Amino acid sequence: MRGLVVGWCLLSVVAEAQPQPVVAPYPFEVLTRGIEPAKVEELQSVASRLLSNAGVSPQPKGMIKNALERLKRQDCGTEDDCLRQLATLSDALYGLYFSVAATPTAVTVAGRVVRDDGKRVAGPEQIVEERKAKEPIDATMKRALPKLFAALKLSQLPAVREVVTTVKPPDPVKPPDLVNPPPAVDAGVVGLPPPPPPPVEESVLRPAGIVTAIAGGSLAAGGTVMLIVGRAQADAVLLPGGVLKPGGSAEDATTARNATSLQSAGVAVAGLGVAAIGAGLVMVLMAPAEPVKTSVFAAPMPGGAAVFVTGVLP
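Anyway, here's the lowdown on the structure attached to this text. None of the values given here were measured: they were computed from a predicted structure. (Residues numbered from 1 in each chain as written. Predicted model: local features only at pLDDT ≥ 70, side-chain atom pairs only at ≥ 80, totals over all residues. Heavy atoms only, no water.)

Another aspect to go through is the nonpolar core. Membership of the largest hydrophobic core comes to 29 residues, with the highest contact counts inside it found for Phe 98, Val 109, Val 113, Leu 145, Phe 149 and Leu 154. Among the secondary structure elements, those contributing two or more residues to this core are α2 (37–52), β4 (94–102), β5 (106–115), β6 (120–130) and α5 (137–151). Aside from chain neighbours lying at most four places away, what touches Val 109 is Ser 99, Val 100, Glu 125, Gln 126, Ile 127, Ala 144, Leu 145 and Leu 148. Counting 13 residues, the second-largest nonpolar core is a separate cluster that includes Tyr 26, Ile 64, Cys 76 and Ala 92. (Core = buried A, V, L, I, M, F, W, Y, C linked by side-chain atoms within 4.5 Å. Buried < 20%, exposed > 50% of the residue type's maximum accessible area, 1.4 Å probe, protein only. Helix = DSSP H or I, 4+ residues; strand = E, 2+ residues; numbered from the N terminus. Contact = heavy atoms within 4.5 Å.)

Dropping the structure here:
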């Protein structure tokens, strides 16, 4: 019971400190002509704030700018490989593209998400939001973008890539040997009674479960420490929204990246430890009680036979 309580506490700590998925947003495109560059910059800032509130961790602007300079591509609006490279160059798990188009009566936002291995995990999605009379574009966009992020399910994206495991097929059942059947027993030969069965060995589930639970506790504790250290490092260089603090240097950006990786690794290790604790407790509970060792056998004696009983009778 004490192990169950400890496992539940560790699981609660890991759940509360679950890291957010790291996203590299491509600078969104305004597909409407006649909008001043200053207004476009203002819309960019609004979109960045809304993205931070959507349950993901966008990479800092400095890292995105550096990645775009090395990317040397402008086709992320149509090519998934462009978003894959953007995610890889900015050390993010996902690349995000979204655009805004406005008419006098409505604002249309569209987007999609691609993982750093090239797999499209969300979208394309499109949201059309009606504009009120003489309503500015940014006001309508503030209502449309959260709906787009919800349709893309950004908050439900895994923070780490899932591990794919292959299951080995079972070995085929060997058919009976019909060519060389076992020799028949001669009915005229009287054999001695079979020897008594070997004593039943004690189940190994209980000691194996105890060892597994202890090892899981060590893993869970180590993962929790990694998570706490990573969060402390991230808080030193990042603002609450995951943005690099003003005046941050390239070294601070590297520290933020390492802190994010450390948190993800801590969650994975702690989760593995909690799972090991649970498996160990299940093994201990499933271990059978020590069986009563009793055996009965007969042996030939001069003038007849004798029956021997060993062990404890019920």
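What follows deals with the pairing of β5. Consecutive residues of a regular strand have side chains that alternate between opposite faces of the sheet. Most of β5 sits inside the fold, with 8 of its 10 residues counted as buried. Bridge count between β4 and β5: 9 bridges; the pairing is antiparallel. Residue pairing across strands places Val 100 opposite Val 109, the latter belonging to β5. The turn linking β4 back onto β5 is made up of 3 residues. Two successive antiparallel strands, β5 and β6, enclose a turn made up of 4 residues, where Gly 118 displays a positive phi of approximately 95°. (Pairing = 2+ DSSP bridges.)

With that settled, consider the packing of aromatic side chains. Counting across every chain of the model gives 2 aromatic pairs. Judged by centre distance (6.1 Å) and plane angle (45°), the ring pair of Tyr 26 and Tyr 97 falls under tilted. Of this pair, Tyr 26 sits in the loop between β1 (22–25) and β2 (29–30) while Tyr 97 is found in strand β4, placing the two residues 71 residues apart along the sequence. Tyr 97 shares its class with Tyr 26; the two are buried. Ring centres of Phe 98 and Phe 149 lie 5.6 Å apart, and the angle between their planes is 90°; this geometry places the pair in the edge-to-face category. Separated by 51 residues along the polypeptide, Phe 98 in strand β4 and Phe 149 in helix α5 bring together distant segments of the chain. Using a relative accessible area of 3% as the deciding quantity, one classes Phe 149 as buried. (Phe/Tyr/Trp six-rings, centres within 6.5 Å; stacked < 30°, edge-to-face > 60°.)

Turning to helix α4 (residues 80–89), its buried residues are Asp 80, Cys 82, Leu 83, Leu 86 and Ala 87. The arc that holds every buried residue of α4, seen down its axis, measures 155°, which confines them to one face. On its buried side, α4 packs onto β1, α3 (61–71), β4, β5 and β6. Of the residues one or two after α4, Asp 91 is the one with positive phi, at around 60°. (Arc of directions from axis to C-beta.)

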